[in-house]
Amino acid sequence: MSLLIRNVLFNEKPTDIFIEGTLIKQIGQDLQVNADEIIAGDKKAVFPGFVNAHSHAAMTLFRGFAEDLPLERWLKEKIWPAEAKNTDETIYWGTKLACLEMIETGTTCFNDMYFRPKQAYQAVSEMGLRAMITDSIFDFFDSERREHAKRLTEENLKLAQTFDSTVRYSIAPHAIYTVSAELFKWSADFAKANGLVFHTHLAESRSEYENSIKDFGLSPVKYLHKLGVLSPNLSLAHVVWVDDEDIQILADYDVKVVHNPLSNLKIASGYKFKYEEMKQKGITVCLGTDGCASSNNLDMTEAMKVASILQKAWRFDPTVLSEKEALDMATINGAKTFGINAGLVKEGCLADLMLVDLNQSTFTPNHNTIANLVYAANGSTVDTVICNGQVLMKNRTVQGRQEIIDNAHQMARIIAE
Ligand SMILES: [Zn+2]
């Protein structure tokens, strides 16, 4: 299968992009190639597909379900009891709904932390996206639950061997307040032995930070350092409550950080995300939306804008976190974090791309296409999405859309009952 995108705006110039199989084969002007399918790129601009580096896909069914509560009450009173009603079917349709929304807003790859990987895998592979999926583990400091989590993870890894190459299994202990030191250490060893992405929530809220000091005598980062689980394949979601020493430790171990500005703001976890300090130490910072229960949508354009303006606001400095850096956080930095040859429009890279419609008011005038994408537009300006060389959306049409929406409504009723 080959694909030619004709005359699309790339680096502010009309350009042709030839895709063969899963890769971007050739980029240039007036390419003389034969392609199975031609996409007219006029009045469109091409960007790498977004990499959403932290999500809880099937939680899209909880959109608007538990609003305006503090994190602990939100989890204990609303989310955890409702999650107990999840079935294979709710996970499958919830994940499909998330994939639909991600495709419609330009995301081609996501790093997910949720449950029932078999159903999640089925949904993701049918939708054609690239993803890391998992069965997030908890032991609540209980030895029986710990052994169960280990057994389940081992079984899931066997299951993951049947996955397509676009979906990988990862290991994701939930957080330091729900997972024991022993299970964290076991997870780190398991990730290393099996070459898995290793992901957790860390230093998200003030209460997590204060409890870490109280229970372990250390900040969350120093606690994980003491456990010996820091490594380049570890990515940490949030990392709001850190000091200079913590940042130096993360840099020393080349740990990756996922900024989730919208959920940090909405559930009031904190807003002084130390992007500049992390950047100065060479830490790879990528971007996530978090789940729809806490940030209500999966639109990475919104996450880019908020990441950038939040940084400017609390520092009283409009020069920090430029539009170009925001785009890198949402694309190449995520691809680097998960070791994926994507995140760039470049010959030899995976053909994970999106075309935005420039014939929209938010792209008019178009002095600076990246600035318009980050600061003016939203995900609804995405017109076409290609992942792994396959067209997933064209002229804003995704196959099977209505069936997904209808089933998602039905599944959401089961959970909310
Ligand atoms: Zn999360």
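The structure contained in this document is the topic of the report that follows. Values in this document were obtained by computation on a predicted structure and should not be read as measured data.

Let us now look at the pattern of salt bridges. One side chain can pair with another of opposite charge once the charged atoms of both are near each other. Scanning all chains against the criterion turns up 21 salt bridges. Of the charged contacts, one joins Arg73 and Glu77 as a salt bridge, the two residues approaching to 3.0 Å between their closest N and O atoms. In this pair, Arg73 and Glu77 both sit in helix 1 (residues 71–83), 4 residues apart, roughly one turn of the helix. Here Glu182 makes a salt bridge to Arg146, at a shortest N to O gap of 3.3 Å. Taken together, the residues span a long stretch of sequence, with Glu182 in helix 5 (residues 181–194) and Arg146 in helix 4 (residues 143–160) at a distance of 36 residues. On the basis of relative accessibility, which here comes to 40%, the residue Glu182 falls in the partly exposed class. Sharing partners across several salt bridges, the network here consists of Asp139, Arg146, Glu147, Lys150 and Glu182.

Turning to the packing of aromatic side chains, a few remarks are in order. On inspection of all chains with the given rule, the structure shows 11 aromatic pairs. For the pair Phe115 and Phe138, a centre-to-centre distance of 6.0 Å together with 35 degrees between the ring planes defines the contact as tilted. Of this pair, Phe115 sits in the loop between strand 7 (107–112) and helix 3 (117–127) while Phe138 is found in the loop between strand 8 (130–133) and helix 4, placing the two residues 23 residues apart along the sequence. You can call Phe115 partly exposed: its relative accessible area is 21%. Residue Phe138 is classed as buried on the basis of its relative accessible area, which comes to 17%. Here the aromatic rings of Tyr121 and Phe163 are separated by 3.9 Å at their centres, their planes lie at 5 degrees, and the arrangement is stacked.

Conventions used here
- Note on numbering: residues in each chain are counted from 1, in written sequence order.
- In keeping with the predicted nature of the model, local features appear solely for residues at pLDDT of at least 70, side-chain atom pairs appear and are counted solely at 80 or more, and the whole-chain, interface and lining totals rest on all residues.
- Side-chain metrics rest on all non-hydrogen atoms present in the structure, leaving aside hydrogens and water.
- Put simply, a salt bridge is a Lys or Arg side-chain nitrogen that is within 4 Å of an Asp or Glu carboxyl oxygen.
- Comment: elements are numbered from the N terminus, with helices defined as DSSP H or I runs of at least four residues and strands as E runs of at least two.
- Partly exposed residues are those whose accessible area sits between 20% and 50% of the maximum for their type, while under 20% is buried and over 50% is exposed, using a 1.4 Å probe and protein chains only.
- Put simply, two rings from Phe, Tyr or Trp (the six-membered ring, in Trp's case) pair if the centres are within 6.5 Å, and we call them stacked under 30 degrees between planes, edge-to-face over 60, tilted for the rest.

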